[in-house]
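Overview (structure and organization)
Residue-level listing of the chains:
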Amino acid sequence: MFFRFLSVALISLSLSVPALAAPAAVPPDATPTELVAYSPVIFTGIASGMRYGFHDDSKMPYTFVQFSGVKYLRRDSSIGDLSKDTVEISMAGGLRENLRLLEIDEMPKFDLGQRYLVFIRGGSWRLSPITALEKGVFRLHGRLADDALVLNYHGQPIARMDERQFILAKEKSANESAGLAEQELDSRQASYMAASSGRAPKDKEKEKALSEIVVTESDLAREPDNARGRFANFEDIMTISVLQKFIEQTAQKTAGMYPEFSQVSLTPVDPLGGKGVSARSPSASGTDEVRPFSKTQVD
Amino acid sequence: MNSKISPILYILFGVFGAVASNSNAYDLKSHTWTSDPTMRVATISFPSGSIWRDDLETGVGRWNGINGMWLEFDLTYSNYNSFNTPCDNTSGDGENNVAFVSSAAVDGNWGLHCSDYDGSERLESDIMFNADISWNTGIQDERVRKTDKPTFLKVVVHEFGHSVGLNHFDTEHAVMSQGYDGHLWWGGSETYRHHPMADDIQGSRVLYSHSNGEIDVTATNFEMSGATSTALWRNNSTITNVSAGNSVNVEYSVANIGKSSASFSLGVYLSTNDYISTSDTYLGGFGYVLPAHYIWDRDKTFTIPSNVAPGTYYIGVVVDTDNSLTENRESNNRLVFPGKWNVN
């Protein structure tokens, strides 16, 4: 079974919320290089606790997620209590004081007991400290000591990365093993199509060809997400050591290039000042994003 | 680990729970609409006659046009300058607002969907777009898009998908796929781009089932995940040289987005123009039987006939080549691949 669950405990934190500081934006489609460049803290850890709570006197609920067994792949900024191997981060969404629930769709959700690789952005933020949201969260399959496999947020194995994105691993004959089939139209049929202005073979002929293909819904059933051996049928899945090397190299290459992202904060800012949201014209001040790393080749 | 959690805890803690499915990729919210929602659109963001309003209505129409689900969004335009949303420091204002807002209000995201709910009852659903970035407007061909700008229509379809009740999926062929590069559904024709795909549509039909049927098969092409070749990540200026009698490799996805299993043929054609039809030079074809809501990635090699005259050609596919299916949409049966092939 694939469970997602969150603690309903309401424990308020006495954390201050700086007001009216404008968060620096991270591109939602951050490239692998950008993920590292904007993330002074990158760690692995097991999601070990979750609860709803509030920052200071904010009325907006946050979901606090605690990670245990934390190991840092990058720690260029202080985060939490360095003497402990736990980290707690918070993302907007959760249970309000009136017992209604707030959901913000772009916020990552975590499964308790799952080991994750998490990119923490530098600079101020309002909704989530995770770099590029779901793109900054990876699942790890297997023990770290055994060079765990890297999966994306949704649990899909990753093969490699290019300058734009992480590339998913290819499953060996996935659909064929699931029971799908296709019927190649033979040369006679092909000639028939060409000779008749491309018309396909008529019904009886076609029906006969297609009748040999039987596919049922049950044939298409996929394995549960956490089934043992789920990844045995995939080729070339990236391991954490490969990604760690990329992180180290990229961190070195991009060090100091984004000073506004150099320091991590675990508390949100409220640039809206509790005054609601202003509707705007989209064309008034639109600017092109500056993407110095978007075309960077991956070593 | 997870399997050791008791069902009682799951009930207690499952407030953000995904509807697990072993056979489908869609991921449904626990809170949905009980009647057609009215979305209050800010006219300052979407003035009459603007491309923004056109794209908004086109995007909403992508969902309203799905047969076999009863939900439809109603849009009302209202002249308001400020509003409260569940994801500011209030509990919202009870209106389902749609507006452009500052980048700070959406934390730098292109779009954001915020909802307040009580149990399974949706109380408010606000959709906000980032006013501080540049957008591509109109219908874009994402295969050949040359800028990093997001396409507004695609983000509209995505955010309204959240309002429908869909979470992000773990599939590339869905408008609800997380991440811009994941939205790889272009559709077989320009008018069908940025359209909900098999898993999007199936999830919607599960949430708002309606007896209306739908027959619709289509095709797209893409950069195959994990493939060693990225040849299909082409642009319109990409020219591939090939000699007559030699082979070309193409990748495409064939899909059944109707409500029931469908049998149909697919042909791959070489054409002197970018309108692929069954009268073009036939390179090969297949018969398919696909269950409802299914998309299948294919990687195929075809031989350019030795009698093809030297010249520049397009390659594409036609599904349901013999028009044996009476489809709700026939306009998405043709697909031309980006770039050209220079046959010598």
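Residues numbered from 1 in each chain as written. Chains lettered and ligands numbered in written order. Predicted model: local features only at pLDDT ≥ 70, side-chain atom pairs only at ≥ 80, totals over all residues.

**Here we look at the overall build of chain B**
Keep this limit in mind: A run of H or I in DSSP becomes a helix once it reaches four residues, and a run of E becomes a strand once it reaches two; helices and strands are each numbered from the N terminus. Comment: burial labels come from other C-beta atoms within 10 Å of the residue's own C-beta, placed from the backbone, where a count of 20 or more is buried, 12 or fewer is exposed, and between is partly exposed. By definition, residues are in contact whenever their C-beta atoms, placed on the basis of the backbone, come within 7 Å of each other.
Looking only at helices and strands, chain B has four helices and 15 strands in total. With 344 residues in all, chain B has 52% of them scored as buried. Put simply, 75% of the contacts in chain B that link residues at least 6 apart link residues at least 24 apart.

**Section: the overall build of chain A**
Within chain A, the regular secondary structure consists of five helices and twelve strands. Buried residues in chain A amount to 42% of all 299 residues. Within chain A, counting contacts between residues at least 6 apart in sequence, those at least 24 apart form 71% of the total.

**Things to note about the sheet that holds strand 5 (residues 111-118) of chain B**
This is how the line gets drawn: Only strands joined by at least two bridges in the DSSP assignment are considered to pair. A fitted line through C-alpha atoms serves as each axis, taken over the contacting stretch for helices, and the angle formed by two N-to-C directions is quoted from 0 to 180°.
Strand order across the open sheet formed by seven strands is 4(A)-5(A)-5(B)-6(B)-4(B)-1(B)-2(B), with mixed pairing between neighbours. Where the open sheet ends on each side, the last strands, each with one partner, are strand 4 (94-95) of chain A together with strand 2 (74-78) of chain B. In this sheet, strand 2 of chain B lies alongside strand 1 (residues 38-42) of chain B in parallel orientation, the contact comprising five bridges. When the bridges of strand 2 of chain B are listed, Thr38(B) appears paired with Asp74(B). Lying over the sheet, helix 3 (residues 152-164) of chain B contacts strand 5 and strand 6 (121-130) of chain B, oriented at roughly 10 degrees with respect to strand 5 of chain B.

**Considerations on the packing of helix 2 (residues 51-64) of chain B against helix 3 of chain B**
All names here are of chain B. Rule in force here: For classification purposes, an angle smaller than 35 degrees is called roughly parallel, one larger than 145 roughly antiparallel, one from 65 to 115 roughly perpendicular, and anything else oblique. Here a crossing is called left-handed whenever its near helix is offset anticlockwise from the far helix by less than a right angle, and right-handed whenever the offset is clockwise.
Packing of helix 2 against helix 3 brings their axes to within 8 Å, and their N-to-C directions diverge by 45 degrees. Taken together, the axes of helix 2 and helix 3 are oblique relative to one another. As helix 2 packs across helix 3, the resulting crossing turns out to be right-handed. For the pair formed by helix 2 and helix 3, the contact residues are Asp55, Leu56, Thr58, Gly59, Val60, Arg62 and Trp63 on the first element and Phe152, Leu153, Val156, Val157, Phe160 and Val164 on the second.

**Some remarks on the sheet that holds strand 3 (residues 87-92) of chain A**
All names here are of chain A. Taking strand neighbours across the sheet as the criterion, the six strands line up as 3-2-1-6-7-8 in an open arrangement whose pairing is antiparallel. A single partner strand is all that each edge strand has here, and the edge strands are strand 3 and strand 8 (149-151). Here the average twist between neighbouring strands, direction ignored, is 40 degrees. The pairing of strand 7 (residues 137-141) with strand 8 spans three bridges and is antiparallel. Residue pairing across strands places Leu140 opposite Val150, the latter belonging to strand 8. Lying over the sheet, helix 5 (residues 240-254) contacts strand 1 (41-53), strand 2 (62-75), strand 7 and strand 8, oriented at roughly 80 degrees with respect to strand 2.

**Describing the nonpolar core**
It is characteristic of soluble globular proteins that their nonpolar side chains tend to be buried jointly. Our working definition: Throughout this description, the term nonpolar core refers to a group of buried Ala, Val, Leu, Ile, Met, Phe, Trp, Tyr and Cys residues whose C-beta atoms join them within 7 Å. Domain segmentation is taken from an automatic or database assignment of domains.
With 145 residues, the main nonpolar core has Val150(A), Ile158(A), Val101(B), Ala255(B) and Val317(B) as its most contacted residues. Looking at which element gives the most residues to this core, the answer is helix 3 of chain B, with seven residues. Mapped onto the domain boundaries, this core takes at least three residues apiece from domain 1 (2-207) and domain 2 (217-343) of chain B. Dropping the residues within four chain positions of it, Ile158(A) is found in contact with Val150(A), Leu151(A), Asn152(A), Phe166(A), Ile167(A), Leu168(A), Ala169(A), Ile237(A) and Met238(A).

**Side note on the environment of Gly155(A)**
Residues and elements named next belong to chain A. Note on placement: Gly155 falls in the loop between strand 8 and strand 9 (158-161). Of the residues examined, Gly155 has 17 C-beta atoms within 10 Å and is grouped as partly exposed. Gly155 sits 103 residues away from Tyr258 along the chain, and the two C-alpha atoms are 30 Å apart.

**Some remarks on unusual backbone geometry**
Note on backbone geometry: most residues besides glycine have negative phi, and most peptide bonds are trans. The phi dihedral of Ala132(A) is positive, around 55 degrees, even though this residue is not glycine. For Asp320(B), which is not glycine, the phi torsion reads 55 degrees and is therefore positive. Here Asp320(B) lies in the loop between strand 13 (311-319) and strand 14 (334-336).

**Observations regarding helix 3 of chain B**
Note: α-helices contain 3.6 residues per turn, so residues at a spacing of three or four share the same orientation. Selection criterion: The span you would expect from a helix comes to 1.5 Å times its residue count less one.
Under the 1.5 Å per step criterion, the end-to-end length of helix 3 of chain B is 18 Å for 13 residues, consistent within 8% with the ideal 18 Å. Positive phi appears at Gly165(B), one or two residues downstream of helix 3 of chain B, with a value of about 130 degrees.

**What about the pairing of strand 11 (residues 281-290) of chain B?**
The buried fraction of strand 11 of chain B amounts to eight of the ten residues, a majority that puts the element mostly inside the structure. Strand direction decides the pairing type here: strand 11 (residues 182-184) of chain A and strand 11 of chain B, joined by three bridges, are antiparallel. Across the sheet, Gln183(A) pairs through a bridge with Gly287(B), a residue of strand 11 of chain B. The pairing of strand 10 (residues 262-271) of chain B with strand 11 of chain B spans nine bridges and is classified as antiparallel. Bridging across to strand 11 of chain B, Gly267(B) finds its partner in Gly285(B).

**Here's the deal with the environment of Lys109(A)**
All names here are of chain A. With respect to the secondary-structure elements, Lys109 resides in the loop between strand 5 (101-104) and strand 6 (115-120). For Lys109, a count of 22 C-beta atoms within 10 Å translates into the label buried. Sequence separation of Lys109 and Arg143 is 34 residues, and the distance between their C-alpha atoms is 22 Å.

**Here we look at the confidence of the model for chain A**
Reading predicted coordinates in detail is not appropriate for stretches of low pLDDT. All names here are of chain A. The cut-off we apply is this: pLDDT gives the predictor's per-residue confidence on a scale running from 0 to 100.
Per-chain confidence: chain A averages 75 in pLDDT, with 67% of residues scoring 70 or above. The element-level mean pLDDT for chain A is lowest in helix 3 (residues 187-195), coming to 40, with strand 6 highest at 97. Here residues 1-20 scores under 50 on pLDDT; set against residues more than four positions off or in separate chains, the count is 67 contacts. Predicted confidence is poor over residues 294-299, with pLDDT under 50, and the contacts of this stretch with residues over four places away or in other chains come to eleven contacts.

**A few points about helix 5 of chain A**
Residue and element names in this part refer to chain A. Defined as follows: Think of it as the arc spanned by the lines of direction from the helix axis to the C-beta atoms.
A rise of 1.5 Å per residue sets the reference length of helix 5, with its 15 residues, at 21 Å; its end C-alpha atoms lie 20 Å apart and thus fit the reference within 8%. Restricting attention to buried positions, one finds in helix 5 the residues Ile240, Leu243, Ile247 and Thr250. Looking straight down helix 5, one finds that the buried residues subtend no more than 95 degrees of arc, so they occupy a single side. Residues of helix 5 that are exposed and point over 90 degrees away from its buried face: Ser241, Lys245 and Gln252. Elements in contact with the buried residues of helix 5: helix 1 (32-37), strand 1, strand 2, strand 7 and strand 8. Directly beyond the C-terminal end of helix 5, a positive phi value near 80 degrees is found at Gly256.

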